[in-house]
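# Secondary and tertiary structure notes
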Amino acid sequence: MESNPPLLTTYKTLFAKYPRPVYPGRIDGREECDLPIIDLSKLTSNNTNLVENCKKEIVLAASEWGFFQVINHGISHDLLLQLTKLQVDLFREPFEKKKQEKLLELAPENYCWGTPTATNVEQLSWSEAYHIPLNSISGSVGGSMRKIIQNASRAMSRLAHEMASILGAELGDINGNYIKQNCTSNTCYLRLNHYPPCPEPSGAFGLAAHTDSDFLTVLYQDQVGGLQLLKEERWVNVRPKPGALIINIGDLFQAWSNNLYKSVKHRVVANSRCERFSVAYFLCPSYDTIIQGYSDPVIYRRFSFGQYKQQIKEDVQLTGHKIGLSRFIAL
């Protein structure tokens, strides 16, 4: 039985309704970039200068790039290998089974593929994913699979909170209480991503261009490549580094920091030959959490995370894509 979702059928349907040639931006990305690489072992050094310099590197990378890689991050190589094997096994299951059956007692809606709101091929994501709220994996059902996901999510959560605490301290949240109080296992989630080979690589993206709507994201990816980010109005390829994890800034940190930190557009290009796997941990607050600039004058008006998510939902339904922070510019 076929394991991949019917993405080609969806692509052909959208293309028949709205045919478009490859737009110029799609040929960008021939240039490769090495993201800043930060060695987090310095944070546990007895040398105060090393610790402070490492924190400065994190703040600088978040300000200049919005993306950076971390090594010696404390998440074991064996755990990441277990997570990769689990992903491969999960996504090898027949498509109809993935669509109808529960994973770890999650509702079938936690499995998604393509882009249901796409109105043209440029909005279609050539991928499938499991969306896993962390509060849904606290039970004992699921055996070894659940244990691996629990261990991975806890490790990624510790890393995300450590990075957020350092970045928040620069904004005056010295003890990290704002993130600790508002971003918990009840509000954060893990996403397992699979990008099948695409026979139309010049006409589809593995994941369409977007910014993340959280505070920050921890990304673990394989070595296939395909991640691109928008740097100085050009799409550039991010070269994978074995053993490294990627940290990228989300919209909420950009709003809180008054644009000090950058939530950068990124995408995944489709690959005609190789499939790609990644895992993303999203550091999200509760829906009633208030986001506002840390100093005056503020760039964005005060809003709750729930209001932000609702605005995104309305914009996607109306236009087919997220508009994001520009909806909340202070007058």
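Residues numbered from 1 in each chain as written. Predicted model: local features only at pLDDT ≥ 70, side-chain atom pairs only at ≥ 80, totals over all residues. Heavy atoms only, no water.

What counts is decided by this rule: UniProt positions are given in the numbering used here, feature names are shortened, and annotations may be inferred rather than shown by experiment.
As annotated in an unreviewed UniProt entry, the protein chain carries the name Fe2OG dioxygenase domain-containing protein and comes from Rhynchospora tenuis. The protein chain has a UniProt comment under Cofactor (unreviewed entry) that states "L-ascorbate".

### A short note on the packing of aromatic side chains
Given two aromatic rings, their pairing is described by the distance between the two centres and the angle made by the two planes. To be explicit about the condition: Two aromatic rings from Phe, Tyr or Trp, using only the six-membered ring of Trp, form a pair when their centres are within 6.5 Å; if the ring planes differ by under 30 degrees the pair is stacked, by over 60 it is edge-to-face, and anything between is tilted. Numbering goes from the N terminus for both helices and strands, where a helix is a DSSP run of H or I of at least four residues and a strand is a run of E of at least two. Buried, partly exposed and exposed residues are distinguished by accessible area as a fraction of the type maximum, computed with a 1.4 Å probe on protein chains only: under 20%, between the cut-offs, and over 50%, respectively. In this analysis the charged atom, NZ for Lys or CZ for Arg, is taken to sit over a ring once it is within 6 Å of the ring centre and within 35 degrees of the ring normal.
Across all of its chains, the model carries 17 aromatic pairs by this definition. Taking 4.7 Å as the distance between ring centres and 45 degrees as the angle between the ring planes, the aromatic pair formed by Phe303 and Phe328 counts as tilted. Here the residue Phe303 occupies a position in strand β15 (residues 303-304), and Phe328 occupies one in the segment after α8 (305-319), the gap between them amounting to 25 residues. Phe303 gets classed as buried once you look at its relative accessible area, which sits at 1%. By relative accessible area, which is 3% here, Phe328 ends up buried. Here a set of aromatic residues connected by ring pairs shows up, and it is made of Phe91, Phe95, Tyr111, Trp113, Tyr130 and Phe277. Above the ring of Trp65, the side-chain terminus of Lys231 is found at 4.2 Å from the ring centroid. The residue whose ring lies beneath Arg267 is Trp235, and the NZ or CZ to ring-centre distance is 4.1 Å.

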